[in-house]
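Secondary and tertiary structure notes
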Amino acid sequence: MPTSLEFYKKLYLIRAVEEGIRKYYSENEMKTPMHMSMGSEALVVGVVSALKKSDQVFGTYRSHALYLAKTGETNAFFAEMYGKRTGGAKGKAGSMHLSAPEEGFLGTSAVVGTTIPVAVGAAFANKKKKNGKMVAVFFGEGAMDEGVFWESINLASLWNLPIVFICEDNNLAIHTPVLKRQGYASIEAIVSRFNMNVIQSESTDVERVFALARKARLTTEQTQRPSFMRLAYYRYLEHVGVNEDFEAGYRAKSEFDAWYKKDPVRVQKKRLLKKGVRASAIGQIEKRLDAKIEESIAHAKQAPFAEEGEAYTDVFA
Ligand SMILES: Cc1ncc(C[n+]2csc(CCOP(=O)(O)OP(=O)(O)O)c2C)c(N)n1
């Protein structure tokens, strides 16, 4: 199990990377649309830390946190944000299609729900190969409004696949809340009708999420039944973009205030202080991570764009 400090470093890195994006985005050099993870750090770091390094993850267009939690690196990440040749996909993917297959970060997509059946396919392949790898697929609760979600959990349940479904529940699909979209009383109740191990949590405490995710992974490994985790969080920023949008009229700032009291990064920092870690020591770690991020941004800005012919490599259409 990672130490409390190790958890904190991961949470802080993700938050600070997105603060870096906010700082420079208005320069208009990062051309990619941004769907920010801010607010979801504990759920992502908690789950990824409970996986083995060789396990595979899939995500959505809102996957900065997932990429950083799985890879821990910021150079290829920022190069991709700046559309440069040194990016993970040579600048062709941007923020919405991040991947790092060599790290087990198999893919993300801008089209809602589309990585879920692909993740089920990967789990099927792993089961056939008997390689012990677990797949974790992250998606918003909006993906449950798509038929492919139900087909995917049906097959995974029927075929007893080694997969953990992680529903990142922020209650909103763009501006529309769950109550106006879903004709069932609760996500847990309905997915419990499938042959899956179902867990839910509203916690913003990374160590609590870690404990639940570790149990989910173990249960799936031992029983060969898929797991389904509904993990709630509050999206801090607008659906797409780097700003707050409490003036837009579809949600109240008071909701943010209530969630921010239990902000995942602050919760973990408080734990460290309570355990006796000195504030100055934490400050030094934060400074080092801030410097690493600024360095990655500077490198990305200076890096070259890919050659024109590159547009036709690594594409399948
Ligand atoms: C198939 C498809 N339908 C509609 C859209 C437009 N769209 C983009 S994001 C989004 C909301 C998805 O909400 P959710 O899955 O809860 O994820 P969140 O953005 O909250 O992380 C929609 C409808 C899309 N990208 N793909």
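As a reminder, the structure under discussion sits directly above these lines.
Definitions and cut-offs
- Residues numbered from 1 in each chain as written.
- Predicted model: local features only at pLDDT ≥ 70, side-chain atom pairs only at ≥ 80, totals over all residues.
- Pairing = 2+ DSSP bridges.
- Helix = DSSP H or I, 4+ residues; strand = E, 2+ residues; numbered from the N terminus.
- Axes fitted to C-alpha atoms, helices over the stretch in contact; angles between N-to-C directions.
- Contact = placed C-beta atoms within 7 Å.
- Parallel < 35°, antiparallel > 145°, perpendicular 65-115°, else oblique.
- Left-handed = near helix turned anticlockwise from the far one by under 90°.
- Nonpolar A, V, L, I, M, F, W, Y, C, P; charged D, E, K, R; others polar.
- Near = placed C-beta within 6 Å.
- Core = buried A, V, L, I, M, F, W, Y, C linked by C-beta atoms within 7 Å.
- Buried ≥ 20, exposed ≤ 12 C-beta atoms within 10 Å, placed from the backbone.
- Expected span 1.5 Å × (residues − 1).

Let us look at the sheet that holds strand E1 (residues 56–58). With parallel pairing, the six strands of this open sheet are ordered in space as E2-E1-E3-E4-E8-E7. Single-partner strands in this sheet number two, and they are strand E2 (105–107) and strand E7 (197–201). Across the sheet, the axes of successive neighbouring strands diverge by a mean angle of 20°, strand direction being ignored. Alignment of E1 against E2, held across two bridges, turns out to be parallel. What sits directly across from Val57, in E2, is Phe105. Lying over the sheet, helix H8 (residues 206–223) contacts strand E4 (163–169), E7 and strand E8 (227–232), oriented at roughly 175° with respect to E7.

Attention shifts here to the packing of helix H1 (residues 4–24) against helix H11 (residues 279–302). As a packed pair, H1 and H11 sit with axes 10 Å apart at the nearest point and diverge in direction by 45°. The angle between the axes of H1 and H11 places the two elements in the oblique class. By crossing handedness, the relation of H1 to H11 is classed as right-handed. Only Ile285, Glu286, Leu289, Asp290, Ile293 and Ile297 of H11 make contact with H1, whose side of the interface consists of Lys9, Tyr12, Leu13, Ala16, Val17, Gly20 and Tyr24. Taken together, the residues of the contact of H1 with H11 break down into nine nonpolar, one polar and three charged.

A word on the site of the ligand. As a matter of local geometry, the ligand sits amid 13 residues, with Arg62, Val112, Gly140, Gly142 and Ala173 nearest to it. A class-by-class count of the residues in the shell around the ligand yields seven nonpolar, four polar and two charged.

Turning to the nonpolar core, a few remarks are in order. One finds Ala136, Val137, Ile163, Ile166 and Met229 to be the most contacted residues of the largest nonpolar core, which totals 73 residues. With seven residues, H1 is the single largest residue contributor to this core. Leaving out residues up to four positions away in the same chain, Ala136 has contacts with Val47, Leu51, Asp55, Val57, Val164 and Ile166.

Each turn of an α-helix holds 3.6 residues, which means side chains three or four residues apart point in the same direction. For H11, built from 24 residues, the straight-helix expectation of 34 Å at 1.5 Å per residue is met to within 8% by its first-to-last C-alpha distance of 35 Å. Turning to H11, its buried residues are Ile293, Ser296, Ile297 and Ala300. Along its buried surface, H11 packs onto H1 and helix H4 (75–81).

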